[in-house]
Amino acid sequence: MSPLTIVMYHYVRDLARSRYPGIKGRTLEEFDGQLDYIQRHYTVVTAADVVAASRGGHPLPRGACLLTFDDGFLDHFTVVFPRLLARGISGAFFPPAVAAEGRRVLDVHKIHFILAATHDHVALAARVIDLIAAHRRELELPTTEALKAEYWRASRYDPAEIVFTKRVLQKGRGIPTGVRTAVVQTLFEERVGVDEAVFARELYMDLAQLRALAGSGMEIGGHGVEHRWLDELSAEEQRIEITGMRAFLAGVHGRLPTDWLLCYPYGAYDAITLRLAGDGGAALGVTADAEKDLARTLDAPLRLPRLDTNDLPLHGDATPVAWTLEALNVSRPASVAAR
Ligand SMILES: [Zn+2]
């Protein structure tokens, strides 16, 4: 069967004219260009099409592509939704429950805005180290040297000092969640300094907006209640997260979800997650697996890899990249061969 390409988006906004231009996301022009590219080379399918195909129903078309949008950002309502509607295509949206209902800002997003509000990221990393050190009196925590040895390294997208701050605050090994949350909160107040409820209102969609998306043919799926790393939770804690996601989706749709989509926060899951997700009626699970970027078959519908938006061109007339060619099962595109 033809591979399915699932593209993953987060922030999509007019970055240059936003309050935090340092946020990593797609600009409006880039998003429009990428939709042009995708519509030129792929066939955008709905979540329901994928569920049906995964059950042996109507097979997916060649170059099938599912668009996904994580984290329930207001961008998805103001920027993405009208563009998808205008093009007559649909997408799947994954809001964490506490963001949409609780009007709280998730730690993972506080970290993004702390970084975006900061010019000197080396000084920020030093501040992170100091704030963690303040907890050493009451807790046994990894040494600064150990943290630096593990996390001070550049990634594909960020210099070492930014990777350090992100990783230590997101998932620093040996640093309890309570300590990380306290450090993030202090930095959010110091660097961003906006009331959390106000910030949440400007950052996330609310239930009414999610219902408008769902009512217009968009898919709303689960993305955790608290956006936690599911693979770090006990079976009971995972069960509570999955039950909570179902209850949240029931609140959006007015009925308990059947054949719903689950997007694992941070792409993290384990064998327990897969069992609980299946038992809880999830039909598809999308990961953040960046290594196997194409879903070659739908044999493992709860472990579908996704392609990061950064791996696709930003203009409709761009030469197709390897991912696109593989997804189309062609070695050279007709447009190139004809030249
Ligand atoms: Zn997320």
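What you see is a predicted model, and the numbers here were worked out from it, not measured in a lab. (Residues numbered from 1 in each chain as written. Predicted model: local features only at pLDDT ≥ 70, side-chain atom pairs only at ≥ 80, totals over all residues. Heavy atoms only, no water.)

K.L.:
Looking at this model, I keep getting lost on helix H7 (residues 144-151). Mind explaining?
P.N.:
Looking at H7, one finds that the buried residues are Thr144, Leu147 and Tyr151. In an axial view of H7, the angular spread of the buried residues amounts to 65°, which keeps them on one side of the axis. Relative to its buried face, H7 has exposed residues pointing more than 90 degrees away, namely Glu145 and Ala149. The elements touched by buried residues of H7 are helix H6 (121-133) and helix H8 (160-171). (Buried < 20%, exposed > 50% of the residue type's maximum accessible area, 1.4 Å probe, protein only. Helix = DSSP H or I, 4+ residues; strand = E, 2+ residues; numbered from the N terminus. Arc of directions from axis to C-beta. Contact = heavy atoms within 4.5 Å.)

K.L.:
Would you take a moment to explain the state of the cysteines for this structure?
P.N.:
Working definition of a disulfide: a covalent bond connecting the sulfur atoms of two cysteines. Throughout the structure, instances matching the rule amount to zero disulfides. With no disulfide of its own, Cys65 lies closest to Cys263 among cysteine sulfurs, the gap being 15 Å. Taking the relative accessible area as the measure of exposure, Cys65 reaches 0% and is therefore buried. Since its relative accessible area comes to 0%, Cys263 is described here as buried. (Disulfide = S-S within 2.5 Å.)

K.L.:
For this particular structure, what's the right way to read the coordination of the zinc ion?
P.N.:
Ideal values for angles at a metal depend on the geometry: 109.5 degrees with four tetrahedral donors, 90 or 180 degrees with six octahedral donors. Ligation of the zinc ion by protein atoms is provided by Asp71 (OD), His223 (NE2) and His227 (NE2), these donors lying 2.1 Å from the ion. In primary sequence terms, the donor set of the zinc ion follows D-x151-H-x3-H. In this pair, Asp71 is assigned in the loop between strand S3 (64-70) and helix H3 (75-87) and His223 in the loop between strand S5 (219-220) and helix H12 (235-253), connecting sequence segments 152 residues apart. Side by side, Asp71 and His223 carry an identical accessibility label, which is buried. (Donors = N, O, S within 2.8 Å, 3.2 Å for Na, K, Ca; no water.)

K.L.:
Is there a simple way to think about the nonpolar core in this case?
P.N.:
Most often, soluble globular proteins have nonpolar side chains that are buried together. Counting 85 residues, the largest nonpolar core has Ile38, Leu67, Leu84 and Leu210 as its most contacted members. Counting 19 residues, the second largest nonpolar core, distinct from the first, contains Ala47, Leu60, Ala64 and Cys263. (Core = buried A, V, L, I, M, F, W, Y, C linked by side-chain atoms within 4.5 Å.)

K.L.:
It is not clear to me how helix H10 (residues 196-203) should be interpreted in this structure. Could you clarify?
P.N.:
Because each turn of an α-helix spans 3.6 residues, side chains separated by three or four positions end up pointing in the same direction. Buried within H10 we find Phe199, Ala200 and Leu203. In a view along the axis of H10, the buried residues occupy a sector of 100°, so they form one face of it. In the core, the buried residues of H10 are packed alongside helix H5 (107-116) and helix H9 (177-192). Structurally, the start of H10 carries an N-cap: the backbone nitrogen of Ala197 is 3.1 Å from a side-chain oxygen of Asp195. (Polar contact = N/O pair within 3.5 Å; in protein donor to acceptor, adjacent residues only side chain to side chain.)

K.L.:
What is the right way to look at the pattern of salt bridges in this model?
P.N.:
Pairing between side chains becomes possible if they bear opposite charge and their charged atoms approach one another. Applying the stated criterion across every chain yields a total of 16 salt bridges. Across the pair Lys24 and Asp158 runs a salt bridge whose closest N-O atoms are separated by 2.4 Å. Taken together, the residues Lys24 in the loop between strand S1 (4-9) and helix H1 (28-41) and Asp158 in the loop between H7 and H8 connect sequence positions 134 residues apart. Looking at Lys24, the relative accessible area reads 54%, which means it is exposed. What makes Asp158 buried here is its relative accessible area of 7%. The salt bridge partner of Arg87 is Asp36, with a shortest N-O separation of 2.8 Å. Residue Arg87 is located in helix H3, and its partner Asp36 is located in helix H1; the two are separated by 51 residues in the primary sequence. (Salt bridge = Lys/Arg side-chain N within 4 Å of Asp/Glu carboxyl O.)

K.L.:
Before we go on, may I ask you to explain the packing of aromatic side chains in this structure?
P.N.:
Aromatic rings considered in pairs are described by the distance between their centres and by the relative angle of their planes. Enumeration over the complete set of coordinates arrives at 15 aromatic pairs. For the pair Phe31 and Phe69, a centre-to-centre distance of 6.1 Å together with 75° between the ring planes defines the contact as edge-to-face. Taken together, the positions of Phe31 in helix H1 and Phe69 in strand S3 put the pair 38 residues apart, joining distant regions of the chain. Classification of Phe31 as buried rests on a relative accessible area of 0%. Classification of Phe69 as buried rests on a relative accessible area of 0%. Where Phe77 meets Phe81, the ring centres are 5.5 Å apart and the plane angle is 35°; that geometry is what we call tilted. Note that Phe77 and Phe81 are positioned in helix H3 at a spacing of four residues, about one turn of the helix. Here Phe77 falls in the partly exposed class, since its relative accessible area comes to 22%. (Phe/Tyr/Trp six-rings, centres within 6.5 Å; stacked < 30°, edge-to-face > 60°.)

K.L.:
Where do I start with the packing of H1 against H3 in this structure?
P.N.:
Packing of H1 against H3 brings their axes to within 12 Å, and their N-to-C directions diverge by 30°. Note that H1 runs across H3; the crossing there is right-handed. Touching Leu28, Phe31, Asp32, Leu35, Asp36 and Gln39 of H1 are Val79, Val80, Arg83, Leu84 and Arg87, all from H3. The residue inventory of the contact of H1 with H3, partitioned by class, reads six nonpolar, one polar and four charged. (Axes fitted to C-alpha atoms, helices over the stretch in contact; angles between N-to-C directions. Left-handed = near helix turned anticlockwise from the far one by under 90°. Nonpolar A, V, L, I, M, F, W, Y, C, P; charged D, E, K, R; others polar.)

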